[in-house]
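Secondary and tertiary structure notes
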Amino acid sequence: MDQTVTARDDWDSHWEQYSEVTASNPAHEYRRQLIFRELADLIQGPEGEGTQLLDIGSGQGDFAREVSRRYPKTAILGLDLSQQGVEIARKKVPSGTFLQRDLLQSADVPPGQRQWADVAVCSEVLEHLDEPRKFLEHVSDYLAPSGRVLFTVPGGPRTFFDRHIGHRTHFTPRSFRALLESSGFKVERVYGAGFPFFNLYKLLLLVRGRRLVTDVAAGADTSTRGLARRVMDLFGILFRLNRARSPWGWQIVALARRS
């Protein structure tokens, strides 16, 4: 999560306001499917035995909980800026370890966590940062020498809602590769996903503009919620028809290794 202390990046507040919306967002579920498709080749052993997974920007622990369900023997360490998110994650995944960390600040990594992770996931974090290279430098402290990191970041134009929750930038496969390589990572692959229906969904949010923030904050009325639910259900179906990889896809996915 964004490490700069500003009103728009108050993640304790954001988790309170937007956790329900995030849970029902078809883009969120689509992104998770992309992540687990990649993780299938990274998780070791039966049920994940032998894998030590670092969840960077672990939020409220929803992703970690899904990992623990699919791979119950995987060791999980989650790091997040939000203390409230950490506390919620600990309740959702008692078997995991969740810690409050500001990865833009230099700090001694406990010996038991330095070079701990052979697999890490950093999903929808870097777009929030003014100094992503510094963040990635500190992430490297937690990675084993051959540790690999699976990233997702948004592409395409920023919506008003994106700006509201602190998106500093969006990426293309080329610009994201450049960021990772300049931060000391060896990129194994980087690609766009989600064309055409993920892009169409984002365009609708772009058109909705400021009204989307207002609707979410106000909770919207019953009729509006019902319509929004039907639209999201429809996109949940359409997302199955997205191209897995496309230069035009607005969901960017990358796998990189600590070099």
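1. Digging into the sheet that holds strand 1 (residues 52-56)
Taken together, the seven strands give an open sheet; going across it, the order is 3-2-1-4-5-7-6, and neighbouring strands pair in mixed fashion. Edge positions in the open sheet fall to strand 3 (97-100) and strand 6 (185-193), since each of these has one partner strand only. Across the sheet, the mean angle from the axis of one strand to that of its neighbour is 15°, orientation sign disregarded.

2. Quick look at the pairing of strand 5 (residues 143-154)
Taking burial as the measure, the 12 residues of strand 5 include nine buried ones, the bulk of the element. Pairing between strand 4 (residues 117-123) and strand 5: six bridges, direction parallel. Across the sheet, residue Val119 finds its bridge partner in strand 5, namely Arg148. As a crossover connection, the stretch from strand 4 through helix 5 (residues 132-139) into strand 5 is right-handed.

3. Comments concerning the nonpolar core
The biggest cluster of nonpolar side chains holds 33 residues, and the ones touching the most others in it are Ile56, Leu126, Phe135, Phe151, Phe176 and Leu180. For this core, the elements supplying multiple residues, two or more each, are strand 1, strand 2 (75-80), strand 4, helix 5, strand 5, helix 7 (173-182), strand 6 and strand 7 (251-258). Top contributing element to this core by residue count: strand 5, with four residues. Beyond its immediate chain neighbours, meaning those up to four positions away, Leu126 contacts Pro132, Phe135, Leu136, Phe151, Val153, Phe176 and Leu179. Core analysis: the next-biggest nonpolar cluster, separate from the first, contains 31 residues, Leu39, Ile43, Val119 and Leu238 among them.

4. Thoughts on the pattern of salt bridges
Under the definition given, this model contains 15 salt bridges. Here Arg245 ties to Glu38 by a salt bridge, and the two come within 4.0 Å at their closest N and O atoms. One end of the pair, Arg245, is in the loop between helix 10 (222-238) and strand 7; the other, Glu38, is in helix 2 (residues 26-39), and 207 residues separate them in sequence. Assessed through its relative accessible area of 47%, Arg245 is described here as partly exposed. Between Glu181 and Arg177 there is a salt bridge whose closest N-O contact spans 3.6 Å. In this pair, Glu181 and Arg177 are both assigned in helix 7, four residues apart and thus about one turn of the helix distant. We classify Glu181 as partly exposed; its relative accessible area is 43%. When its relative accessible area of 31% is taken as the criterion, Arg177 is described as partly exposed.

5. Quick notes on the confidence of the model for the protein chain
Model confidence for the protein chain is summarised by a mean pLDDT of 89, while 86% of its residues fall at 70 or above. Here residues 1-8 is modelled with pLDDT under 50, and outside its nearest four sequence neighbours on either side it reaches 30 contacts, counting other chains as well.

6. Some points on helix 7
Taken together, the buried positions of helix 7 are Phe176, Leu179 and Leu180. Summarising the axial view, the buried residues of helix 7 lie within an arc of 95°, below the 170-degree limit, and thus occupy one face. Looking at the buried residues of helix 7, the elements they touch are helix 5, strand 5, strand 6 and strand 7. Taken from the residues just after helix 7, Gly184 is the one with a positive phi, measuring 90°.

Criteria and thresholds
Throughout this description, residue numbers start from 1 for each chain and increase along the sequence as written. Where local features are concerned, this predicted model is filtered to residues with pLDDT of at least 70; where side-chain atom pairs are given and counted, the filter is 80 or more; whole-chain, interface and lining totals use all residues. Where side-chain values are given, they derive from all heavy atoms of the structure, hydrogens and water being excluded. When DSSP finds two or more bridges between a pair of strands, those strands are recorded as paired. Strands here mean DSSP runs of E at least two residues long; helices mean DSSP runs of H or I at least four residues long; both are numbered from the N terminus. Axis definition: a line fitted to C-alpha atoms, limited for helices to the stretch in contact. Angles are taken between N-to-C directions and run from 0 to 180 degrees. Partly exposed residues are those whose accessible area sits between 20% and 50% of the maximum for their type, while under 20% is buried and over 50% is exposed, using a 1.4 Å probe and protein chains only. Seen with its strands pointing away from the viewer, a crossover is right-handed if its path from the first strand over the helix to the second goes clockwise. Among the buried residues, those of types Ala, Val, Leu, Ile, Met, Phe, Trp, Tyr and Cys that are joined through side-chain atoms within 4.5 Å form a nonpolar core. Whether two residues are in contact is decided by their heavy atoms: any pair within 4.5 Å suffices. Whenever a carboxyl oxygen of Asp or Glu lies within 4 Å of a side-chain nitrogen of Lys or Arg, that contact is scored as a salt bridge. pLDDT runs from 0 to 100 and stands for how confident the predictor is about each residue. By construction, the arc corresponds to the directions joining the helix axis to the C-beta atoms.

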